[in-house]
Amino acid sequence: MKPVSVRYQRYQVEDQVVAQVRDQVWRQVSAQVEAQVWSQVMHQVRDQVWDQVEDQVVGQVWDQVSAQVSDQVRDQVAAHLWAHSDIEEERRG
């Protein structure tokens, strides 16, 4: 069996170290990128969902409030007109 040279052993060790470092760095970088991307995506999704929910809630509340106000105003106007018509009938009568 041929003896393995020191230089060859050194190259093997260097290759292993480089491979290990590359793998560790790749794992760290990919984990950081994944975390950043996930955070950005979740932030955007949360903002979009919040905007949609807010629009729906504001729309529903606005519809309810405007319907109530319209009913109240209609009732007040009708009562006012009714009272006015009674007064006019009394004047004529």
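Values in this document were obtained by computation on a predicted structure and should not be read as measured data. (Residues numbered from 1 in each chain as written. Predicted model: local features only at pLDDT ≥ 70, side-chain atom pairs only at ≥ 80, totals over all residues. Heavy atoms only, no water.)

(A) Here's a closer look at the overall build of the protein chain. For the protein chain, the count of helices and strands is 1 helix and 0 strands. With 93 residues in all, the protein chain has 0% of them scored as buried. In the structure as shown, the protein chain presents an accessible area of about 9100 Å², 57% of it carried by carbon and sulfur atoms. (Helix = DSSP H or I, 4+ residues; strand = E, 2+ residues; numbered from the N terminus. Buried < 20%, exposed > 50% of the residue type's maximum accessible area, 1.4 Å probe, protein only. Areas by Shrake-Rupley, 256 points an atom, 1.4 Å probe, with all protein chains shown as cover.)

(B) Structural view of the pattern of salt bridges. The tally for this structure, following the rule as stated, stands at 3 salt bridges. The residue Arg74 makes a salt bridge to Asp71 at a minimum N-O spacing of 3.1 Å. Here Arg74 pairs with Asp71, and both are found in helix H1 (residues 6-92), just 3 residues apart, close to one helical turn. The partly exposed category is assigned to Asp71, whose relative accessible area is 36%. Residues joined in a network through salt bridges with shared partners are Asp71, Arg74 and Asp75. (Salt bridge = Lys/Arg side-chain N within 4 Å of Asp/Glu carboxyl O.)

(C) Examining a negative patch on the surface more closely. Taken together, Asp47, Asp51, Glu54 and Asp55 make up a surface patch of like negative charges. Residue Asp55 is classed as exposed on the basis of its relative accessible area of 57%. (Patch = residues over 30% accessible without salt bridge, like charges linked within 9 Å, V, L, I, M, F, W, Y side chains within 5 Å. Lys, Arg positive; Asp, Glu negative; His and termini not counted. Charge placed at Lys NZ, Arg CZ, Asp CG, Glu CD.)

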